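Structural overview
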Amino acid sequence: MASRIVAVAALAVPFLTTSLSGPVTARAADELGTPVGRIRLVAKSADVGVGWTWGTGTLTYGHHTYHFTIKGGSIAAVGYSKVEGTGTVYNLKHLHDFDGTYVAGNGEATLGSGVGGSLLHNGNGVTIKIDMISQGARLAGAAQGLELTLTR
């Protein structure tokens, strides 16, 4: 058991160091474009092969805060988790371009609590880089589609 913990830690440290360091973050921002907004969200997922995700969030864009809903599905997943995340929005030129289905090709392995990140892209060219903290027991290894819709 101890050797598994050491192995996981050895694999995680380089990833976390790379993810949190300034120069790498600056390069990633350059590749994604200029940050134009921020989001905060809380979502829950329940899965048995095919799953469902739901939640709410806020978008800060142009000195205003907008609320949005989250709903979507995933495949090849089992379990339940609650996710809290913050993210940076790129390539949002008009507020109405935020609405849409975002595709995320990410995996999740949560037992108790964990951290992760993902890039979400919609058909309007908007990209969201999100960092997440999850709680629960869930294993997911496939693409996920999330519909984000501003509430008016």
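What comes next concerns the included structure. Values in this document were obtained by computation on a predicted structure and should not be read as measured data.

**Digging into the overall build of the chain**
Broken down by element type, the chain carries 2 helices and 6 strands. Its helices and strands in sequence order give the chain the pattern α-α-β-β-β-β-β-β, from N to C terminus. The buried share of the chain, reckoned over its 152 residues, is 34%.

**What about the packing of aromatic side chains?**
The geometry of an aromatic ring pair is captured by two quantities: the separation of the ring centres and the angle between the planes. Overall, the coordinates contain 2 aromatic pairs when judged by the stated rule. A centroid spacing of 6.1 Å and a plane angle of 55° characterise the contact between Phe98 and Tyr102, whose relative ring orientation is tilted. Considered together, Phe98 and Tyr102 belong to a single accessibility category, that of buried residues. Through successive ring pairs, a cluster of aromatic residues spans Phe68, Phe98 and Tyr102.

**Some thoughts on the pattern of salt bridges**
Taken as a whole, this structure holds 1 salt bridge when the rule is applied. In this structure, the salt-bridge partner of Lys82 is Glu84, at a minimum N-O distance of 3.8 Å. Residue Glu84 is classed as partly exposed on the basis of its relative accessible area, which comes to 44%.

**Details of a nonpolar patch on the surface**
Together, Trp52, Trp54 and Tyr80 make up a nonpolar patch on the protein surface, roughly 330 Å² of accessible area in all. Along the chain, Tyr80 falls in strand β2 (residues 64-90). Residue Tyr80 is classed as partly exposed on the basis of its relative accessible area of 39%.

Scoring rules and cut-offs
- Think of each chain on its own: its residues are numbered from 1, step by step along the sequence as written.
- A pLDDT threshold of at least 70 governs which residues receive local features in this predicted model, and a stricter bar of 80 or more applies before side-chain atom pairs are shown or counted, although totals over entire chains, interfaces and linings include all residues.
- The side-chain numbers reported here are obtained from all heavy atoms of the structure, hydrogens and water having been left aside.
- Put simply, DSSP marks the helices as runs of H or I at least four residues long and the strands as runs of E at least two long, and each gets a number from the N terminus on.
- The classification of residues rests on relative accessible area computed with a 1.4 Å probe and restricted to protein chains. Under 20% of the type maximum is buried, over 50% is exposed, and intermediate values are partly exposed.
- Two aromatic rings, drawn from Phe, Tyr or Trp (for Trp, its six-membered ring), form a pair once their centres lie within 6.5 Å of each other, and the interplanar angle then sorts them: stacked below 30 degrees, edge-to-face above 60, tilted otherwise.
- The salt bridge definition used is simple: a Lys or Arg side-chain nitrogen within 4 Å of an Asp or Glu carboxyl oxygen.
- For patch building, the residue pool is restricted to those with more than 30% relative accessible area and no salt bridge; the joining distance is 9 Å between like charges and 5 Å between nonpolar side chains (Val, Leu, Ile, Met, Phe, Trp, Tyr).
- For every accessible area listed, the method is Shrake-Rupley and the probe measures 1.4 Å; residues are considered covered only by the protein chains on display.

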